[in-house]
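Here are the chains, one letter per residue:
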Amino acid sequence: MMEYTQRESDIIVADSLEGLTYKHKRAFLCALDEKQSEHIKCEQILIKSLGGGVYNKLRTLFRDGDYRRGVLGALEERGIVCVTLKSTLYPERLAQIPAPPLVLYCNGNARLLSGDCFAVVGSRRTSAATLAACKKISGELATKLTVVTGIADGADSAAIRGALDSGNIICVLPGGIDHIYPSSNSQLLKEVEKRGLIISEWPPHTPVARYMFTVRNRIIAGLSRGVLVVSAPKKSGALITAGYAADYGREVFAFPHSLGVASGEGSNELIKNGAALCQNVLDILGSFGLEYKTEVQKFTPQEEAVLSFLRANGKSHIQAIAAAAGIKSFQAVTVLSSLEIKGLVVRCGGNLYEPL
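Presented here is a report on the structure given in the accompanying data block. Quick caveat: nothing in here was measured; it's all calculated off a predicted structure.

## Some words on the pattern of salt bridges
Part 1: Tallying each qualifying case throughout the model produces 14 salt bridges.
Part 2: For the salt bridge of D116 with R93, the shortest nitrogen-to-oxygen distance reads 2.9 Å. Taken together, the residues D116 in the loop between β2 (103-108) and β3 (117-121) and R93 in helix α6 (residues 92-95) connect sequence positions 23 residues apart.
Part 3: Looking at R93, the relative accessible area reads 27%, which means it is partly exposed.
Part 4: Connected through salt bridges with shared partners, the residues D165, E191, K194 and R195 form a single ionic network.

## Considering the packing of aromatic side chains
Part 1: Counted under the stated rule, the structure contains 8 aromatic pairs.
Part 2: Look at Y244 and Y248: their rings are 5.9 Å apart centre to centre, the planes differ by 25°, and that puts the pair in the stacked class.
Part 3: Under the relative-accessibility criterion, Y244 is labelled partly exposed at 21%.
Part 4: By the ring-pair criterion, three or more aromatic residues cluster together here, those being F28, Y55 and F62.
Part 5: The residue whose ring lies beneath R68 is F62, and the NZ or CZ to ring-centre distance is 5.0 Å.

## Details of the environment of L112
Part 1: Following the sequence through the fold, L112 ends up in the loop between β2 and β3.
Part 2: You can call L112 buried: its relative accessible area is 9%.
Part 3: The spatial distance from the C-alpha of L112 to the C-alpha of G222 is 14 Å, given a sequence separation of 110 residues.
Part 4: Ignoring any residue separated from it by four or fewer positions in sequence, one finds L112 in contact with C117, T146, G167, N168, I169, I170, G196 and L197.

## Some thoughts on helix α2 (residues 22-31)
Part 1: α2 sits mainly inside the fold: 7 of its 10 residues count as buried.
Part 2: What α2 keeps buried is the set H24, K25, A27, F28, L29, C30 and A31.
Part 3: On the buried face of α2, the contacting elements are α1 (6-16), α3 (39-50) and α4 (52-63).

## Here we look at helix α14 (residues 301-313)
Part 1: Its 13 residues give α14 an end-to-end C-alpha distance of 18 Å, which sits within 8% of 18 Å, the value for a rise of 1.5 Å per residue.
Part 2: Inspection of α14 places E303, V306, L307, F309 and L310 among the buried residues, and these make up the whole buried set. Take α14 and look down its axis: the buried residues cluster within an arc of 160°, on one side only. Every exposed residue of α14 that faces more than 90 degrees away from the buried side is listed here: P301, R311 and A312.
Part 3: In this structure, the buried side of α14 is in contact with β10 (316-317), α15 (318-325), α16 (329-341), β11 (345-349) and β12 (352-355).
Part 4: Looking one or two residues beyond α14, the residue adopting positive phi is G314, at roughly 75°.

## Regarding the pairing of strand β8 (residues 251-254)
Part 1: Of the strand pairs in this sheet, strand β7 (residues 226-229) and β8 are connected by 4 bridges, and their pairing is parallel. When the sheet's bridge partners are listed, V227 is paired in β8 with V252.
Part 2: Sheet topology note: the β8/strand β9 (residues 276-277) ladder contains 2 bridges and is parallel. Residue pairing across strands places F253 opposite A276, the latter belonging to β9.

## Quick look at the side chain of S157
Part 1: Relative to the helices and strands, S157 is located in helix α8 (residues 155-163).
Part 2: Overall, the relative accessible area of 3% leaves S157 in the buried class.
Part 3: In contact with S157, other than residues within four places in its own chain, are I151, A152, N185 and L188.

## Topic: the state of the cysteines
Part 1: Here the structure, examined in full by the defined rule, presents 1 disulfide.
Part 2: Here C30 pairs with C42 through a disulfide, and the sulfurs are 2.4 Å apart. Residues C30 and C42 share a disulfide whose torsion about the S-S bond is about 80°; that sign makes it right-handed. Here the residue C30 occupies a position in helix α2, and C42 occupies one in helix α3, the gap between them amounting to 12 residues.
Part 3: Judged by relative accessible area, which is 7%, C30 ranks as buried.
Part 4: Looking at C278, it has no disulfide partner, and the nearest cysteine sulfur is the one in C134, 10 Å off.
Part 5: Judged by its relative accessible area of 1%, C278 falls in the buried class.

## Focus: the sheet that holds β11
Part 1: Here 3 strands make up an open sheet; going across it, the order is β10-β12-β11 and the pairing antiparallel. Here the strands that pair on one side only, and so sit at the sheet edges, are β10 and β11.
Part 2: One ladder, built from 2 bridges, connects β10 with β12; its direction is antiparallel. Note on β12: the bridge partner recorded for H317 is L352.

## Some remarks on the packing of α14 against α16
Part 1: Where α14 meets α16, the closest approach of the two axes is 10 Å, and the angle between their N-to-C directions is 80°. By the angle between their directions, the pair α14 and α16 is classed as roughly perpendicular. Mapping the contact onto sequence places Q302, E303, V306, L307 and L310 in α14 and Q331, V335, L336, S338 and L339 in α16.
Part 2: The class makeup of the residues in the contact of α14 with α16 is 6 nonpolar, 3 polar and 1 charged.

Analysis parameters
- Residues numbered from 1 in each chain as written.
- Predicted model: local features only at pLDDT ≥ 70, side-chain atom pairs only at ≥ 80, totals over all residues.
- Heavy atoms only, no water.
- Salt bridge = Lys/Arg side-chain N within 4 Å of Asp/Glu carboxyl O.
- Helix = DSSP H or I, 4+ residues; strand = E, 2+ residues; numbered from the N terminus.
- Buried < 20%, exposed > 50% of the residue type's maximum accessible area, 1.4 Å probe, protein only.
- Phe/Tyr/Trp six-rings, centres within 6.5 Å; stacked < 30°, edge-to-face > 60°.
- Lys NZ or Arg CZ within 6 Å of the ring centre and 35° of its normal.
- Contact = heavy atoms within 4.5 Å.
- Expected span 1.5 Å × (residues − 1).
- Arc of directions from axis to C-beta.
- Pairing = 2+ DSSP bridges.
- Disulfide = S-S within 2.5 Å.
- Axes fitted to C-alpha atoms, helices over the stretch in contact; angles between N-to-C directions.
- Parallel < 35°, antiparallel > 145°, perpendicular 65-115°, else oblique.
- Nonpolar A, V, L, I, M, F, W, Y, C, P; charged D, E, K, R; others polar.

Now the structure itself:
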């Protein structure tokens, strides 16, 4: 069984008690710790808010040896490691925020919590070009930092896929580990568990509720020294994360977007209000004093011709690209696929391609 200190075990067991809010749990731990000067005051608060009968029942359950062993044993069987506020692995940055999670339930490499983290977030409805740019910059950031994001479709998934090969990826879930939302990303989350880390502040069986997304976003911001918003409409969870980051004194970056792009209106508003405009990974790493050496890419004459045309003309049909490069359409498909792999162009559907 995973070994925890007495204080760590107390926090884990208290967190398992149903019907208690975050404030109740903190007061409960205070009330049962006679070393704390306010333990009597905390007990009185709980008796007043919960009722004496409920408080006494919870206190008895908390101290019951079979119950305690059951809670810790069930977590051990699932391979879930608990990092509590009193654990040496608990991230210092996260501990500094208002209402830091009492417990982080971890599946994967919990040591990533001790590293330098940076958040990459965005909208579910993000353009193909922005998703490709998100994946690329996430992979580049992961060479120096641990990327932190959610598990939604769109930008979150692109950030995960970019950082996954490095293993420097943390996904923060809105509910318990047993309840993946959206379920369509369960396979992607399994890959994160193998190579990186998934965490939740909720006991594993806790189903996802709407308010948990906003609550979760404070953890994404709290873990990170900065946040990149790759896309965001006017009302967006990504903007909430950026707001938390600003409140915590963390740096906020944003991709710029063209006029009329709904998923970019929030990002542009962030830049207007003082967020740093981000065009490439150097804008982020440079602000933290980190170096990044880019490899000199080599291109075939056909790749150079296609790339030059796209950069001059923007989104174009494959027939126009092929004509400009002096090649057949089937040859252009091969060339464009190579440039996609290099992260320089993106397929937009309808045989349209766009440079990055």
